[in-house]
Amino acid sequence: MNNENNENNENNENKIYEQAGVEKFLPAVAMRDVVVLPNMTVQFDIARERSLNSIANAMKTGRRIFLTVQKDITVENPEIDDLCPIGVIAVVKQIVRGNEGLSRVLVAGFQKARLKKLYVINQNALECECECMENYAVSRRSYEEIEATVREAKRAFKKYSALTHNMPENVLVSIAAAKLPQETFERIAFNMPLSADDKQALLEADSVDDKLEKLAMIISRECKLAELEKTIQERVAEQFDSLQREQYLREMKYAISRELNEMGAEEEDENDDYAAKIAGCDLNSECENKLLSELKRMRKMPPASQEAALISEYLDTCLALPWNTSSDETCDVAKAREILDRDHYGLKKVKERILENIAVRQLSPEIKGQILCLVGPPGVGKTSIGRSIAEALGRKYVRVSLGGVRDEADIRGHRKTYIGAMPGRIMDAIKKCGTNNPVMLLDEIDKLTSDTHGDPSSALLEALDSEQNVTFRDHYIEMPFDLSKVLFICTANTLDTIQPPLLDRMEVIELSSYTREEKFNIAVKHLVPKQLAANGLKASKVRFAPSAIYEIIDSYTREAGVRKLERAIASLCRKAAAEIVEEGVEKIGYTARNLQKYLGAPKYLPDSIAKKDSIGEVNGLAWTSVGGVLMPLEVITLNGKGAVETTGSLGDVMKESAKIAVSYSRSVAEKYGIDPDFYKTRDIHIHALEGAVPKDGPSAGVTLVTALVSALAKIPVRADVAMTGEITLTGKVLAIGGLREKTMAAYKDGIRTVIIPKANMGDLDEIDDKIKSEIHFVFAERIGDVLDAALVSKEKKASAKPISKSGSRGRASANRTDDIPKGQRI
């Protein structure tokens, strides 16, 4: 029974083959990188809906289907122009349904055909109209030519098989035994791993000799590629074998050395170089033994091992440190003073401290390094002074930025056990500068932060302690290094964020903000020449009048340092360069009058001051982070119940000073003709100008008392007098800070009489000589001295002149001291 079924299936397939030439409408499948040749059986997978439907239609209509390859495999739904015109009619022999819509199809090609038309039918399947073609057209060549082509194809395939070694023996035998040209072509083409383009070219060839000739050319090309691949493989294998051989020999060498307990005697070995360098560093016994032990460990390891590379890097780092290398220091005080004065204007305290250090080192060269901390607002020259100090001392200069550092390992280094370990910033700076006595600037030390990785401020305690840094130990170096010869200079904007133990190890030098005169001199001597050179200008081409520089300082910048001033000067230099190049201007001069044309409207207005002697209006002095300012206070009294109102963004300390002023005014009410019951019948309103700016501090105490007594007693206050000082309930005047900046503000606004506490008499040394020569200081010990100097007596009211536009009462106002009855004055 089974035999009868098999015979029926074979008969059905034979009928299918016999009917191939009569039908011209067939289901079609667009193939991706698969080309089927006549008489070739191929198995492939399909997943597209169109292809699956076309296969299903073929199974319903005699299993015949037209197969052709896509030109571009990325096209999901190809049209007729996306398909190769020559394909093959095949018979579907088997379909195996898989998972996820995938089916495996077995087909047998039997007839070459040309695609004429392509349709998409209702079931979303392809159907085509095709024209049958001869599988092998009649050849016009002679028998000898065809035979030569057959032999060439066989020879080429034999060479290819010898190069690739991937052809089964039975295939080689069957090809060698082939007699007919068609038989030779099909056995070679069906068994070679050809690309879809090559197979399509073979399919489109007409006669068998054309197909064999194309096949021989394809095989020859593949042979060349195979030879090239073999050459490359041999080259790679040779290099790999060489590396393996070298590694093997090194392993053998070290294994033999360990067995014999000795190393090789090669003098050029890097280990011997390390030993010589260690001996040449003249280290102490502890450091030398440490490095030799690390070298001994490295000798026992294979050179290619990771541990050996880490030890080698460690030895290189340690040997690169300047253990005994120092710069030749210059101890010439006069030369150092010249360098410091050349590079920086002002900064007297810093210069004096450095010159003292140089003088001491000249007398005692063995003195240990000092730790200085320069504290001041931004832009006053803290960082740049370090380079000048190094030049003055004749030492190397190195800067370490500490801003934002939050990991202790950044200061003291990482342990060698960590991957990527390295020394800390201090030892790295020592290594880079190449000497053990540089000037090391620790910039922005107040910006150090701490987190879970440790506290870098604590890590600095040992480095910045002159008693401990003789044996400073970095976690990576693991050996004591002498930092006592290093001159550490730290910079900070504030002392509030520096830990007390760290602050205790440093000598603090405060740098206050630059005064108006200092900014002017810095601009003339440093900033203008620097920006002229930076912008390719000459002093003969561009001129800055003194009035222009003063105007920039007063109206376009308000800062403690000179950075904005430098930017404004740079902007003017660029505008001058543009005019010289574009308009051909020969010379440009900047004055206060034409400055607004180039820099726009002034950004800052002058301080508001009284124009004439007024009741309840007093010129106070205040310190800010950008310098001193004039702070006028106003007091008025009104009918009421004794309420005290304060406005102008006054802080708690100033409000307490206002209460003290009220109490003191009650105590002196009889002396100044004030109603003793004013605190019951009068409301008092105290106001500070520029209400949006917060104000606080005790130094406005004398200003508050003076304004309050003036308002209650109806006695005018001199408009050419400014004052500052803290008061007590008993009328004492206490010392204040920021005297230098406050007096500069008074001088700038035309005030020529300034009342200050007697306790601040010693601070006059910090004030510029020019200011001291033009301002008369009244030293007040008690509040009575302030009131006698500031209030206008009845005898003097008639002779009082209004204050001029420039801020002074004419030339005589600067010397108006004859009506100051009490207090000391200069």
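Further up the page is the structure itself.
Let us look at the structure shown here. (Residues numbered from 1 in each chain as written. Predicted model: local features only at pLDDT ≥ 70, side-chain atom pairs only at ≥ 80, totals over all residues. Heavy atoms only, no water.)

### Considerations on helix α25 (residues 739-748)
Along α25, nine of the 10 residues are buried, which leaves the element largely enclosed by surrounding structure. Those residues of α25 not exposed but buried are Leu-739, Arg-740, Glu-741, Lys-742, Thr-743, Met-744, Ala-745, Ala-746 and Tyr-747. Check the buried side of α25 and you find it contacts α18 (516-534), β17 (617-624), β18 (627-639), β25 (753-757), α26 (769-774) and β26 (776-780). Of the residues flanking the end of α25, it is Gly-750, one or two places downstream, whose phi is positive at about 85°. (Buried < 20%, exposed > 50% of the residue type's maximum accessible area, 1.4 Å probe, protein only. Helix = DSSP H or I, 4+ residues; strand = E, 2+ residues; numbered from the N terminus. Contact = heavy atoms within 4.5 Å.)

### Considerations on the nonpolar core
Inside soluble globular proteins, nonpolar side chains tend to come together where they are buried. Among the nonpolar cores identified, the biggest contains 53 residues, and Met-440, Ile-445, Leu-460 and Leu-464 are the most heavily contacted of them. Counting residues per element, this core draws most heavily on helix α10 (residues 306-320), at six residues. Not counting chain neighbours up to four residues away, the residues in contact with Met-440 comprise Val-398, Val-400, Ile-426, Ala-429, Ile-430, Val-486, Leu-487, Phe-488 and Ile-489. Core analysis: the second largest hydrophobic core is formed by 51 residues, Ile-354, Ala-523, Phe-544 and Leu-572 among them. (Core = buried A, V, L, I, M, F, W, Y, C linked by side-chain atoms within 4.5 Å.)

### Considering the pattern of salt bridges
Across all of its chains, the model carries 36 salt bridges by this definition. Salt-bridge contacts for Lys-758 lead to Glu-781; the nearest nitrogen and oxygen are separated by 3.9 Å. Note that Lys-758 is positioned in the loop between β25 and α26 and Glu-781 in the loop between β26 and α27 (783-790), a separation of 23 residues in sequence. The class of Lys-758 is partly exposed, set by a relative accessible area of 32%. In this structure, a network of salt bridges that share partners links the residues Lys-290, Glu-294, Arg-297, Glu-307, Lys-416 and Glu-478. (Salt bridge = Lys/Arg side-chain N within 4 Å of Asp/Glu carboxyl O.)

### Some words on the packing of aromatic side chains
Applying the stated rule across the entire model yields eight aromatic pairs. Ring geometry for Phe-25 and Tyr-119: centres 6.4 Å apart, planes at 35°, overall tilted. Of this pair, Phe-25 sits in strand β1 (residues 25-31) while Tyr-119 sits in strand β5 (residues 103-121); the two residues are 94 residues apart in sequence, bridging distant segments of the chain. Judged by centre distance (6.3 Å) and plane angle (85°), the ring pair of Tyr-136 and Phe-185 falls under edge-to-face. Placement of Tyr-136 in the loop between β6 (125-132) and α3 (143-164) and of Phe-185 in helix α5 (residues 181-191) is noted, with a sequence separation of 49 residues between them. Neither residue differs from the other here; Tyr-136 and Phe-185 are each classed as buried. An aromatic cluster is built from Phe-544, Tyr-590 and Tyr-598, whose rings are joined through pairwise contacts. Over the ring of Tyr-314 we find Lys-416; its NZ or CZ atom is 4.6 Å from the centre of that ring. (Phe/Tyr/Trp six-rings, centres within 6.5 Å; stacked < 30°, edge-to-face > 60°. Lys NZ or Arg CZ within 6 Å of the ring centre and 35° of its normal.)

### What about unusual backbone geometry?
Phi at Asp-33 is positive, roughly 60°, even though this residue is not glycine. Inspection of the secondary structure assignment puts Asp-33 in the loop between β1 and β2 (41-46). At Asn-39, a position not held by glycine, the phi torsion is positive, near 70°. With respect to the element layout, Asn-39 can be found in the loop between β1 and β2.

### Thoughts on the environment of Ala-201
With respect to the helices and strands, Ala-201 occurs in helix α6 (residues 196-204). Since its relative accessible area comes to 27%, Ala-201 is described here as partly exposed. In this structure the C-alpha to C-alpha distance between Ala-201 and Lys-214, which are 13 residues apart in sequence, comes to 7.9 Å.

### Some words on the sheet that holds strand β13 (residues 507-510)
One open sheet holds the five strands; their spatial order is β8-β9-β12-β7-β13, and the pairing between them is parallel. For this open sheet the edge positions go to β8 (397-401) and β13, each flanked by a neighbour on one side alone. The sheet shows a mean angle of 20° between the axes of neighbouring strands, direction not considered. Here strand β9 (residues 439-443) pairs with strand β12 (residues 487-492) via four bridges, running parallel. Within β12, the residue paired with Met-440 across the bridge is Phe-488. (Pairing = 2+ DSSP bridges. Axes fitted to C-alpha atoms, helices over the stretch in contact; angles between N-to-C directions.)

### Quick notes on the packing of helix α22 (residues 652-667) against helix α24 (residues 701-713)
Across the interface, α22 lies against α24 with an axial gap of 9 Å and an inter-helix angle of 45°. As far as their axial angle goes, α24 and α22 are oblique. The two elements α22 and α24 meet at a crossing, and its hand is right-handed. Here α22 contributes Met-654, Ser-657, Ala-658, Ala-661, Val-662, Tyr-664 and Ser-665 to the contact with α24, which in turn contributes Gly-701, Leu-704, Val-705, Leu-708, Val-709 and Leu-712. A class-by-class count of the residues in the contact of α22 with α24 yields 10 nonpolar, three polar and no charged. (Parallel < 35°, antiparallel > 145°, perpendicular 65-115°, else oblique. Left-handed = near helix turned anticlockwise from the far one by under 90°. Nonpolar A, V, L, I, M, F, W, Y, C, P; charged D, E, K, R; others polar.)

### Focus: a positive patch on the surface
There is a patch of like positive charges on the surface, built from Arg-563, Lys-564, Arg-567 and Lys-603. Along the chain, Lys-603 falls in the loop between α21 (595-599) and β16 (614-615). (Patch = residues over 30% accessible without salt bridge, like charges linked within 9 Å, V, L, I, M, F, W, Y side chains within 5 Å. Areas by Shrake-Rupley, 256 points an atom, 1.4 Å probe, with all protein chains shown as cover. Lys, Arg positive; Asp, Glu negative; His and termini not counted. Charge placed at Lys NZ, Arg CZ, Asp CG, Glu CD.)

### Looking at the side chain of Arg-48
Tracing the sequence through the fold places Arg-48 in the loop between β2 and α2 (49-60). Among buried charged residues, Arg-48 stands out as having no salt bridge; its nearest opposite-charge side chain is Glu-76, 4.8 Å away. Of the polar contacts made by the side chain of Arg-48, one reaches the backbone oxygen of Ala-30; its length is 2.9 Å. There is a polar contact of 3.4 Å between the side chain of Arg-48 and the backbone oxygen of Val-75. Beyond its immediate chain neighbours, meaning those up to four positions away, Arg-48 contacts Ala-30, Arg-32, Gln-70, Val-75, Glu-76 and Pro-78. (Polar contact = N/O pair within 3.5 Å; in protein donor to acceptor, adjacent residues only side chain to side chain.)

### Comments concerning the pairing of β2
Residues Val-42, Phe-44 and Ile-46 line the buried face of β2, whereas the alternating positions Thr-41, Gln-43 and Asp-45 sit on a face that is not buried. In this sheet, β5 lies alongside β2 in antiparallel orientation, the contact comprising six bridges. Bridge pairing in β5 places Ile-46 opposite Ser-103.

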